[in-house]
Amino acid sequence: MIYTRRKFMKTLAVSASVVVTSNILGCGSSSSDDEVVEPGTDSPSILDGSQYFPQSVVSGDPRADSVILWTRIETGTAGDISVMLQVSGDENFSSLVVEESFDAVADYDHCLKVRVTELAPGQHYYYRFIYQSGGNHYASRTGRTKTAASPDTDTKVKFAYVSCQDYIGRYFNNYLSLLDNDDLDFVVHLGDYIYETTGDSLFQATGGARSIEFTDSEGALTIGVGDNKTQAANSLDNYRQLYKTYRTDELLQRIHERFPMIAIWDDHEFSDDSWGDNATYLDGAADEKQTQRKKNSEIAYFEYMPIDHEQPHTQSDLANGLMPISEEHLFPNTRIYRDFKFGKNLHLAMTDFRTNRPDHILPEDAFPATVEIDQSTLSGFLAATGMAQAAIDAVVSQMSPYINIDDAMFAAYKPAFIEIFTGLYMQDLMAKIELTQEEAFAQAQQRAVSVIKGNLATSYLNLALAGAQNSLPAEHPIQQLPALPETGVSQGLAFYTLGKTSLFNFIGSRYFVIKDTYDLYAAYREYVANLQGTSAQKAFDDAQTSWLGQTFATSDSTWKMLGSSVTFSPLIFDLSPNRADSGFAPFEQVLSSDTIPGQLKQRFYLEADQWDGFPQFKSSFVNDVMSQFGVISLGGDIHSSYVTAHKPNEVTGLRSYNFTTSSVSSGTFGSFLANGMNDIFAQLGEVPDALSDLPYYFDILVRTATKREDVSDDLVFSRMWEHGVAIVEVDADKVLVNFHNIGSEFHNIDLVSRSYYNDVESFLEKVRLYQFQVSDGTLTQLT
C-alpha cells in the first residue's frame with residue numbers, strides 16, 4: 001500500500017485531565033467493592049483481554065509533559081475496531097487522567113498510537129487499552145510508563161541502552177538484566193530491533209522453534225541461489241509480520257510494559273548494511289536501489305514503534321490532533337533524529353546514521369586491478385597536503401605497480417584478460433544471482449570489457465594470469481604470456497592496494513580493508529567531492545550535523561549524550577611490523593614470524609560500514625562537536641562491547657567518550673571476525689596451525705592497535721565474544737556505565753540459543769558486570 005495525504009495511519013493525540021470519571025463499571029471508582037478491579041484480577045466489567053492484544057502494550061518518547069502509547073488489537077474483525085485508552089496515576093486505575101476511545105484502523109494493521117499530553121513531569125503513569133464485545137470489556141495488560149523530569153530539576157537519571165535482537169534461533173535472555181533493575185526511567189534502543197531476513201546463512205540459524213516464514217512469500221525478496229536461498233522482507237506485510245512476531249516475545253513484552261522506549265533504527269529495520277534506499281545483499285552484482293521497499297520498512301516502523309515520528313519534522317511542541325504517516329515523513333524526507341531532556345543532568349540526542357549517508361567508499365564490485373589514483377595524481381595530492389618529498393616517495397613505494405593495458409606493447413594481454421575475467425565474472429555472478437548460462441555470459445563479458453582498460457595493477461593481474469594458466473590446457477594461447485612487469489613501472493593506488501581481492505565481496509570493501517591506504521583513498525575521495533561541492537563521507541547530512549552542533553552548543557545540561565546506531569570506537573587490527581607491543585610475548589613471536597603471510601602484515605579496519613568507514617568526517621565531527629562539548633556517545637550495531645576515550649579538544653580541553661554495548665541476542669562480532677579471517681586465509685593458501693589461536697587475541701589486538709601515535713583515539717576496553725546490555729546512571733557529579741554481559745559459544749556457554757525465561761536466577765548468576773565512571777573529565781574502570 002502507498003500512503004497518501006488522504007490515506008494514512010492516524011496516531012492521535014489526547015490531553016490528560018486532572019481527574020476523569022470512568023464510564024466503565026468497576027474501574028476503581030465503583031461503589032461496589034466486589035467490582036473494583038485489583039491488579040492481576042478480573043471483574044465482572046473488565047476481563048482479561050490479552051488474547052485480543054497479542055503484542056501487548058508499548059510506550060515511548062517520554063518528555064516532561066507527554067508520552068507515546070501504543071497497542072495493536074486482533075479480534076478477527078476485518079474492519080476498524082473501537083478501542084478505549086485509560087491512563088491513570090495508579091496501577092488500580094482509581095485516579096484516571098485519560099479515558100477516551102479511538103479507532104484502530106484495519107488498513108494500518110489495527111495499530112493504534114496515541115500521544116498523551118499535559119502530563120506531570122517525572123511521574124509514573126499506568127495505562128491499558130480496552131475492547132468492548134458482547135457486553136463485556138476486555139483489557140490489555142497494564143503498562144507502566146514514566147515522563148521525563150522537568151528540565152529545572154536536579155535529579156538522578158537511570159536508563160538502559162540496547163541493540164541488535166535477532167529472533168531467528170535466539171532468545172532475548174539479556175533483557176532479564178533490565179527487568180532486574182525495575183527503577184529504570186527508560187530504555188534506549190539503538191537499532192536492529194528486527195532483522196529483515198529469515199535465514200541468512202552468514203549469521204542466522206534456521207529450523208528451530210524461533211523461526212519466521214513470511215505469509216506473503218510472493219511479496220518477499222528472495223536472495224541467494226540454489227540451496228543457499230533465503231528470504232528478506234520486502235512488502236509492507238513482510239515488515240509488519242516481523243514486528244508482530246518479535247513483539248510476541250515474552251521478555252520483550254515485559255520490557256515494553258515496564259519502561260518507555262526511545263528508539264532509532266540501524267540497517268536491519270530495512271536491509272543489512274544499507275545506505276539510503278540501497279541494499280547490499282548482492283555486493284554490486286546487480287542494482288539494489290529499492291525505494292518502495294525502504295518506504296515499506298519505514299511505514300511498518302512508524303506503525304509499530306513508539307516513536308513520535310511527527311515531532312522531528314516540526315522540532316516544536318505539537319498541539320492535539322491527528323499525527324499522520326504520510327509521504328512527507330517517508331524516504332527521502334525521513335527525519336527521526338530528535339532530542340530529549342531529563343532534568344538538569346541529561347540531554348540526549350538521538351541520531352540517524354542510515355537515511356542520508358553516502359555509499360560505502362569502496363564499492364563491493366570494484367575491480368581489484370583498477371588504479372584509482374595514478375602516481376602523478378597521488379604525488380600531487382600528497383604534496384598539496386604539505387608532505388615532504390621524501391615522505392611522498394616512501395608512500396608511493398608502497399603502492400601497487402601498474403601498466404596501461406591499452407599500450408601497444410600489451411596488445412596480446414588485453415583480449416586474454418577479457419577472456420579470463422569473463423569466466424571469473426560469470427562464475428561469481430551465478431553464485432549471486434539466478435541466471436541462465438547465456439545471461440551470465442553476456443553480463444560477465446560486458447563487465448570484463450568495461451574493466452580491462454587503462455591503468456591496471458600488475459600484481460593482481462599476474463595472480464589471475466597464473467590461476468588461468470594452471471587450469472588451461474598447455475596448448476591454450478594464454479599459456480604463452482609471461483607475467484606482467486611489477487618493477488620498473490609506475491606505482492599507484494589500486495583497489496587491490498586497499499585489500500580488495502574479489503570481484504563481488506564485502507571483504508575488502510565493507511570489512512577487512514587496509515587502514516593506511518584506505519585513509520589515503522578516503523581523504524582523496526573527500527578532497528575531490530569537496531571540490532564539487534559535495535561529500536563522500538558525511539553520514540550525517542548538513543541538516544543533521546548542524547542540528548547536533550546547535551543542540552550541544554546551546555545545551556545547559558550537566559551531561560550531553562549522543563545515541564548512535566553504530567560505534568565511534570576505532571576497530572583496528574595491527575599486524576604490521578610497526579605495531580605496539582601487546583605485552584604477550586608468545587603472541588608477539590607469532591606476529592613477527594613468517595607464520596603470518598606478508599599480505600596480512602598491515603593494519604586493517606575491521607568494519608567500514610560504521611564510523612571507521614568515514615575517517616576524515618568522523619575525526620572532524622568527534623573533535624568539533626563531540627569533544628568540544630564533552631559529549632558521551634552511546635553505540636550499538638557491532639555485537640561487541642567497547643569503551644573509547646577520544647582526543648581532547650584543543651580549545652575547550654574537553655573530550656568525548658564512547659560506550660558501545662553488545663547485542664541482545666545477535667551473533668558476536670568475534671564469531672563474524674573469525675569466519676572472515678578464515679575466508680581471507682583460505683584465499684592465501686593453507687592456514688598455519690599457529691593462527692588457529694588468533695581469535696583468543698582479538699580483544700588484545702583491537703586494544704593494542706590504538707596505542708600507535710598516529711591513532712588519536714584510545715580504545716581501553718573490548719569484549720568481542722560477549723553479548724550484553726548496558727545501564728547508565730547519571731547525576732550532577734558523574735556518569736556510571738554498567739555493561740551487563742554474558743559469554744557466548746566461544747566460552748562454551750549457550751546463553752542465547754536456549755530460553756532462560758523461566759530460569760531467571762540461573763541466568764543472572766552468569767552475568768558479567770563491567771563498570772566505568774566518568775567524573776571531572778576522567779574515565780575510570782571500577783570493575
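Above this note sits the structure.
Scope of this entry: the structure provided in the associated data block. (Residues numbered from 1 in each chain as written. Predicted model: local features only at pLDDT ≥ 70, side-chain atom pairs only at ≥ 80, totals over all residues. Heavy atoms only, no water.)

**Quick word on the overall build of the protein chain**
For step 1, the next point in the chain: Tallying secondary structure elements over the protein chain gives 17 helices and 34 strands in all.
For step 2, the next point in the chain: Expected size for 783 residues packed as a compact globule is a radius of gyration near 28 Å; at 28 Å, the protein chain falls within 12% of this value.
For step 3, the next point in the chain: Judged by the C-alpha coordinates and their principal axes, the protein chain covers about 100 × 60 × 50 Å.
For step 4, the next point in the chain: Looking at the protein chain as a whole, 60% of its 783 residues qualify as buried.
For step 5, the next point in the chain: Considering only residue pairs separated by 6 or more positions, the protein chain has 75% of its internal contacts joining residues 24 or more positions apart. (Helix = DSSP H or I, 4+ residues; strand = E, 2+ residues; numbered from the N terminus. Rg over C-alpha atoms; globule rule 2.2 N^0.38 Å. Buried < 20%, exposed > 50% of the residue type's maximum accessible area, 1.4 Å probe, protein only. Contact = heavy atoms within 4.5 Å.)

**Here's the deal with empty space enclosed by the protein**
A probe as big as a water molecule, rolled over the atoms, marks out the empty space that is left.
For step 1, the next point in the chain: Counting across every chain of the model gives 3 cavities of 30 Å³ or more.
For step 2, the next point in the chain: Each pocket or cavity is described by its volume, and for the largest cavity that value is around 50 Å³.
For step 3, the next point in the chain: As for the largest cavity, its lining consists of Trp265, Asp266, Glu269, Phe270, Ser274, Lys294, Ser297, Glu298 and Arg354.
For step 4, the next point in the chain: The class makeup of the residues in the lining of the largest cavity is 2 nonpolar, 2 polar and 5 charged.
For step 5, the next point in the chain: Of the volumes computed, that of the second largest cavity is approximately 40 Å³.
For step 6, the next point in the chain: Lining the second largest cavity are Asp574, Arg579, Ala580, Ser582, Phe587, Glu588, Leu591, Ile700, Leu701, Thr704 and Ala705. (1 Å grid on protein atoms, 1.4 Å probe; cavity = no way out; pocket = protein on both sides within 12 Å on 5 of 7 lines; lining within 4 Å. Points joined across faces, edges and corners; volume = space filled by probe spheres on them. Nonpolar A, V, L, I, M, F, W, Y, C, P; charged D, E, K, R; others polar.)

**Some words on the side chain of Ser656**
For step 1, the next point in the chain: Take Ser656: it is sitting in the loop between strand S28 (641–645) and strand S29 (657–660).
For step 2, the next point in the chain: Looking at Ser656, its side chain comes within polar contact range of the main-chain oxygen of Val631, at 2.5 Å.
For step 3, the next point in the chain: The contact partners of Ser656, leaving out residues within four places of it in the chain, are Met626, Ser627, Val631, Thr644, Ala645 and His646. (Polar contact = N/O pair within 3.5 Å; in protein donor to acceptor, adjacent residues only side chain to side chain.)

**Focus on the packing of aromatic side chains**
Each aromatic ring pair is specified by the distance between its two centres and by the angle formed by the two planes.
For step 1, the next point in the chain: For the structure shown, the criterion picks out 56 aromatic pairs.
For step 2, the next point in the chain: Between Phe172 and Tyr175 the ring centres are 6.2 Å apart and the planes differ by 85°, which places this aromatic pair in the edge-to-face class.
For step 3, the next point in the chain: In this structure Phe172 comes out as buried when scored by relative accessible area, which is 0%.
For step 4, the next point in the chain: Residue Tyr175 is classed as buried on the basis of its relative accessible area, which comes to 0%.
For step 5, the next point in the chain: Grouped by ring-pair contacts, the aromatic residues Trp70, Tyr193, Tyr243, Trp265, Tyr301, Phe302 and Tyr304 constitute a single cluster.
For step 6, the next point in the chain: The positively charged end of Arg210 is found above the aromatic ring belonging to Phe172, 5.1 Å away from the centroid.
For step 7, the next point in the chain: Of note, Arg754 hangs over the ring of Tyr756, and the distance from its end group to the ring centre comes to 4.0 Å. (Phe/Tyr/Trp six-rings, centres within 6.5 Å; stacked < 30°, edge-to-face > 60°. Lys NZ or Arg CZ within 6 Å of the ring centre and 35° of its normal.)

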